[in-house]
Amino acid sequence: MLKLATNVVNEKQLREAQLRALKFFSDSVSCTYGPMGGYTAYSKSDANNKTKAFASYYTKDGFTVLKNLDTDKPIESLLRDDIRTICTQVIKTIGDGTTSATMLSYYIFRGLLELSDKKYPKRKIVNCFKETVKEVIALIEKNGHPATLDDIYNIALTSLNGNEEMATTIKNI
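Chemist: What exactly am I supposed to notice about the packing of aromatic side chains here?
Modeler: Remark: the centre distance and the inter-plane angle together describe each pair of aromatic rings, the angle taken between the planes. One pass over the structure, following the stated rule, counts 3 aromatic pairs. Here Phe 24 and Phe 25 contribute two aromatic rings whose centre-to-centre distance is 5.9 Å and whose plane-to-plane angle is 55 degrees, an arrangement assigned as tilted. Arranged with centres 5.2 Å apart and planes meeting at 55 degrees, the rings of Tyr 106 and Tyr 107 form a pair that is tilted. Taking relative accessible area as the criterion, Tyr 107 reaches 41% and is therefore assigned partly exposed. Between the NZ or CZ atom of Lys 60 and the centre of the ring of Tyr 39, over which it lies, the distance is 5.6 Å. The cationic tip of Lys 171 hangs over the ring face of Tyr 153; the distance from NZ or CZ to the ring centre is 5.7 Å.

Chemist: How do you make sense of the state of the cysteines when you look at a structure like this?
Modeler: Two cysteines form a disulfide when their sulfur atoms are joined by a covalent bond. Under the defined criterion, the tally for this structure stands at 0 disulfides. Note on Cys 31: no disulfide assigned, nearest cysteine sulfur contributed by Cys 87 at a separation of 15 Å.

Chemist: Is there a simple way to think about a nonpolar patch on the surface in this case?
Modeler: On the surface, Leu 104, Ile 108, Phe 129, Val 133 and Ile 137 cluster together into a nonpolar patch covering about 390 Å² of accessible area. Within the fold, Ile 137 resides in helix H5 (residues 122-143).

Chemist: Just checking my understanding: could you explain the pattern of salt bridges for this structure?
Modeler: Between side chains of opposite charge, pairing is possible as soon as their charged atoms come close. In this structure the tally under the stated criterion is 10 salt bridges. Note that Glu 131 and Lys 134 form a salt bridge whose closest N and O atoms lie 3.6 Å from each other. Taken as a pair, Glu 131 and Lys 134 lie in helix H5 at a separation of 3 residues, close to a single helical turn. Given the relative accessible area of 41%, Glu 131 is considered partly exposed. Assessed through its relative accessible area of 54%, Lys 134 is described here as exposed. Salt bridges linked by common partners bring Glu 11, Arg 15 and Lys 122 together as one network.

Chemist: It is not clear to me how the environment of Phe 63 should be interpreted in this structure. Could you clarify?
Modeler: Structurally, the position occupied by Phe 63 is in helix H2 (residues 62-67). With a relative accessible area of 17%, Phe 63 lands in the buried category. Distance in space between the C-alpha atoms of Phe 63 and Gly 144 is 26 Å, their sequence separation being 81 residues. The contact partners of Phe 63, leaving out residues within four places of it in the chain, are Arg 84, Cys 87, Thr 88, Ile 91 and Thr 98.

Chemist: Looking at this structure, how should I read unusual backbone geometry?
Modeler: Most of the time, phi is negative for any residue but glycine, and the peptide bond is trans. In this structure, Lys 119 takes a positive phi of about 70 degrees despite not being glycine. Within the secondary structure, Lys 119 sits in the loop between helix H4 (98-117) and H5.

Chemist: Can you walk me through the nonpolar core in this structure?
Modeler: Proteins that are soluble and globular tend to have nonpolar side chains buried together. Ranked by internal contacts, the top residues of the largest apolar core, which has 17 residues, are Leu 22, Phe 25, Val 29, Leu 66, Leu 79, Ile 83 and Cys 87. When contributions to this core are tallied by element, the ones reaching two or more residues are helix H1 (11-30), H2, helix H3 (74-93) and H4. At 5 residues, the largest contribution of residues to this core is made by H4. Beyond its immediate sequence surroundings of up to four residues, Leu 66 is in contact with Phe 25, Val 29, Arg 80, Ile 83, Arg 84, Cys 87, Thr 98 and Thr 102.

Rules used throughout
Residues numbered from 1 in each chain as written. Predicted model: local features only at pLDDT ≥ 70, side-chain atom pairs only at ≥ 80, totals over all residues. Heavy atoms only, no water. Phe/Tyr/Trp six-rings, centres within 6.5 Å; stacked < 30°, edge-to-face > 60°. Buried < 20%, exposed > 50% of the residue type's maximum accessible area, 1.4 Å probe, protein only. Lys NZ or Arg CZ within 6 Å of the ring centre and 35° of its normal. Disulfide = S-S within 2.5 Å. Patch = residues over 30% accessible without salt bridge, like charges linked within 9 Å, V, L, I, M, F, W, Y side chains within 5 Å. Areas by Shrake-Rupley, 256 points an atom, 1.4 Å probe, with all protein chains shown as cover. Salt bridge = Lys/Arg side-chain N within 4 Å of Asp/Glu carboxyl O. Helix = DSSP H or I, 4+ residues; strand = E, 2+ residues; numbered from the N terminus. Contact = heavy atoms within 4.5 Å. Core = buried A, V, L, I, M, F, W, Y, C linked by side-chain atoms within 4.5 Å.

What follows is the structure, given as structure tokens:
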């Protein structure tokens, strides 16, 4: 039997690849989540010998983990690049949140696929999702407040894993 390789996949195959990739990305960064997140090890390959690692590193930063993930399939690579782009915008806007954004991408996508599997009309799913996003934004804005020096101190203290001296320095600046 002749088996043809193709660069075309149907929607079911596409969604399965996307879900698998998002779960992989989410699982990879999840251990770095929050102020009590742990370290993750990753290695870099020698440019001349892709199969052999030449250096290993440890990080608690979700974006560092994400940008060092390797994928060997085109759909997964495209999605990884999309998630990196989203997380770059999160970092520029908020300063942190890669792990949250990556994990939420997986959970939201999985939930939307479950609705699709139940035969909800796709247009209705998209419209409901857009409305939900608007409601969440409004709720966040309603509960927001201008940052105080105490807020800055607490954020710095959390980000610096309890380093009070550095958090106080940042607050004073």
